[in-house]
Structures are given as C-alpha cells and as structure tokens.
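Chain residues, written in single-letter form:
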Amino acid sequence: MLNSLNPELGRRRREHPAPPVSDVRVPVGQMAEPIEVVGAEMACSALDALFRPEAVSSVAVCDLSDPRRMGLITRDRHLAVSAGSLGYGRALLTRREVGEVADWSPLVVDPRDALLDVVARAMRRPARQRFDDVLVNDVVWSVVSTSQMVRGLVDVLTR
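Residues numbered from 1 in each chain as written. Predicted model: local features only at pLDDT ≥ 70, side-chain atom pairs only at ≥ 80, totals over all residues. Heavy atoms only, no water.

Asker: Where do I start with the overall build of the chain in this structure?
Answerer: Across its full length, the chain carries 6 helices and 7 strands. Ordering the α and β elements of the chain from the N terminus gives β-β-α-β-β-α-α-α-β-α-β-β-α. Taking all 159 residues of the chain together, the buried fraction comes to 44%. Here the chain has roughly 9000 Å² of accessible surface; of this, 54% comes from carbon and sulfur atoms. (Helix = DSSP H or I, 4+ residues; strand = E, 2+ residues; numbered from the N terminus. Buried < 20%, exposed > 50% of the residue type's maximum accessible area, 1.4 Å probe, protein only. Areas by Shrake-Rupley, 256 points an atom, 1.4 Å probe, with all protein chains shown as cover.)

Asker: What is the right way to read the sheet that holds strand 2 (residues 37–39) from this model?
Answerer: Pairing between sheet strands relies on hydrogen bonds along the backbone, with the strands arranged either parallel or antiparallel. With mixed pairing, 3 strands are arranged side by side in an open sheet as 2-3-4. Edge strands, defined here as strands with exactly one partner in the open sheet, are strand 2 and strand 4 (70–74). Each neighbouring strand pair of the sheet contributes to a mean axis angle of 35°, computed without reference to strand direction. Direction of pairing for strand 3 (residues 58–62) relative to strand 4: antiparallel, over a ladder of 5 bridges. The partner of S58 across the bridge, within strand 4, is T74. (Pairing = 2+ DSSP bridges. Axes fitted to C-alpha atoms, helices over the stretch in contact; angles between N-to-C directions.)

Asker: Explanation requested: the packing of aromatic side chains in the structure shown.
Answerer: Geometrically, a pair of aromatic rings is defined through the distance of the ring centres and the angle of the planes. Applying the stated criterion to the full structure yields 0 aromatic pairs. For R69, the ring lying beneath its charged end belongs to W104, and the centroid distance is 4.1 Å. (Phe/Tyr/Trp six-rings, centres within 6.5 Å; stacked < 30°, edge-to-face > 60°. Lys NZ or Arg CZ within 6 Å of the ring centre and 35° of its normal.)

Taken by themselves, the reported measurements are silent on function.
Put into structure tokens, the structure is as follows:
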C-alpha cells in the first residue's frame, strides 16, 4: 500500500495545458502543481503504480531521517532503471528502495522565484538533468515541468 507524504494526494496533476503566461516575472509557484511525495525506503516496485497516469512526470522522494532532504525520480529515470542494462532492471528493482535510484540533487526553488530566473537555472543544469521537473518548496511540495516553463516564456516572447 502506498503511503503518500503529500496531503494533496487527492489532487491529481493537470491533464490539460496550463493557462498562458503573461509575464516572465510571474512567480513559478503559480505554475506549480502538488507532487506525489514518497519515503526513500519505499520499494521501487511501487513506482509503477505512481507513473501509470500519463500526467505524472515525476515523484518526489523524502529522506525520512532528514525531511529537508528531497530527491526526485522522473518518469524517464524510472523507465531507464526499470529496463536495466541487460534487461533485468525490473526484477532487480524489487529488492531496492526508491532512495537508491532517486536524484538527490534536483533543482529546488522558492514559489516566489520568477519564471525567467528558474528557467535560466534549469538550463544551466547538466545535459542529462536539464529538462527534469523542478521542485517547488512551498507549504505543500509541488512541481513544475521545465517544458511548461519554456512554453510559458515562448508565450510571452511571441506576443
């Protein structure tokens, strides 16, 4: 059984495009949505159920020994680890904890940070993480996709 650490569990991710952005200084928290948060000790086999809905692109991982430490598992990372280098990934994952495969250095921003600043920080990340979702450290942990932020910038710049 999945025990979410996020009280907003009942609110699922957007399955339709976000409203257009009107200003590059819009606080990124206005674009963010609650994210599923799980404990680092959860079995990796439980991730399949979390990623079943197409609208879920990432899951936040909390280190319960230090709740300020947050990690991220993207859909792409989950699929890559599940496949494994020899095709045995899923079988090997059943014995592993989510914390072992999480990215423990995701981009974490304040909800008041401006869209333009967050996109600039996201684009400075290493290539393999450049388009990973961005965690928003608000009252409730949330997430905003880098592609959604870039689309927001394009909306503003092409008006």
